[in-house]
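Here are the chains, one letter per residue:
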Amino acid sequence: MRKLNENRPLALVRSACCAIFLVAIGTTSGIAAAQSLVMASTTSTEQSGLFAHLLPAFKAATGLDVKVVAVGTGQAIDMGRRGDADVLFVHDQAAEEKLVQEGFALRRLPVMYNDFVLVGPANDPARLRGKDIVSAFQKAAAGPAAFISRGDRSGTHAAELRYWKLAGFDAPKFATFKEYKECGCGMGPALNMAASMGAYVLTDRGTWLNFRNRADLAALVEGDKQLFNQYGVLPVNPARHPHVNAAGAAKFAEWVTSRAGQGVIASYKIGGEQLFFPNANP
């Protein structure tokens, strides 16, 4: 009995130390989480090189690290709905506004814009070159060259579906075209496919300007006001998902729409050409 009594204080000390250690681990993990942020975004913002330019400036201003999960806008919005991201940076305004209405995002703030471009083989076998995207889609449907669709519920794919509808082709009619190919892939792989096949493809201008494997591809349709491409930022609602880094998401949304963040966006250029144009509300 005496030995048990003597060892009891030691056991209590060990238990207390273990509890303190676990609390310390939890505290450290909480601090680490507070210093980082998960952002679900489009492949276009990642593959255009914007984030490599933008996020170091954000970290310098706030101390926060950002882990980017680059997927199609539809998938990014699904991540927000599930609480798998703290903040979204995407480009499908109708879907973004719906997410806010459903209560999964606190708000949607406009950040910047660029435009879409229809690219294809320089010899343009479908003769669709010009500034009319609807006419170009009609000609692409009847033309001899393949059309590559991302087919991934991205913002670019959503825009493509709008243009097909305006051209008189509701889904899935256009998908029955012999040369219509859905890749279910990001913007870079879709461009690679178009380059290798001599096909047409819709792309955002930022990714196009940063794309090096162009082969015989050229920008054929641009300048139509319907090619406008708006990006927004949406903090995920902590009332739906209490584990999200709401403070970090708010900081990012505030910074990227501030004069400082907007200036960093405007300064990103390739070959002297600006890729994105800030337009956050003052």
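Structure shown above.
Report on the accompanying structure. (Residues numbered from 1 in each chain as written. Predicted model: local features only at pLDDT ≥ 70, side-chain atom pairs only at ≥ 80, totals over all residues. Heavy atoms only, no water.)

Thoughts on the pattern of salt bridges
Within the structure shown, the criterion is met by nine salt bridges. Residue Arg205 is joined to Asp115 by a salt bridge in which the shortest nitrogen-to-oxygen separation is 2.6 Å. Here Arg205 is found in helix 9 (residues 205-210), whereas its partner Asp115 is found in strand 4 (residues 109-121), with 90 residues between them in sequence. Like Asp115, Arg205 is buried. Of the charged contacts in the structure, one is a salt bridge between Arg205 and Glu222, with a shortest N-O distance of 2.8 Å. One end of the pair, Arg205, is in helix 9; the other, Glu222, is in the loop between strand 8 (217-221) and strand 9 (228-235), and 17 residues separate them in sequence. (Salt bridge = Lys/Arg side-chain N within 4 Å of Asp/Glu carboxyl O. Helix = DSSP H or I, 4+ residues; strand = E, 2+ residues; numbered from the N terminus. Buried < 20%, exposed > 50% of the residue type's maximum accessible area, 1.4 Å probe, protein only.)

Side note on the environment of Phe177
The residue Phe177 is located in the loop between helix 7 (155-166) and strand 6 (180-182) in this model. Residues Phe177 and Phe147, 30 residues apart in the sequence, show an inter-C-alpha distance of 9.1 Å.

Quick look at the state of the cysteines
Inspection of the entire model under this criterion finds one disulfide. Between Cys183 and Cys185 runs a disulfide, and the two sulfur atoms are separated by 2.0 Å. Between Cys183 and Cys185, the S-S dihedral sits near -80°, and the bridge is therefore left-handed. (Disulfide = S-S within 2.5 Å.)

Details of the packing of aromatic side chains
All chains considered together, the criterion is met by 16 aromatic pairs. Plain terms: the ring middles of Phe89 and Tyr231 are 6.5 Å apart, the flat faces sit at 80° to each other, and that makes the pair edge-to-face. Placement of Phe89 in strand 3 (residues 87-90) and of Tyr231 in strand 9 is noted, with a sequence separation of 142 residues between them. In this pair, the class of Phe89 matches that of Tyr231, namely buried. Grouped by ring-pair contacts, the aromatic residues Phe51, Phe58, Phe89, Tyr231, Phe252, Trp255 and Phe276 constitute a single cluster. (Phe/Tyr/Trp six-rings, centres within 6.5 Å; stacked < 30°, edge-to-face > 60°.)

Everything listed here is a matter of coordinates, which is why it stays silent on function.
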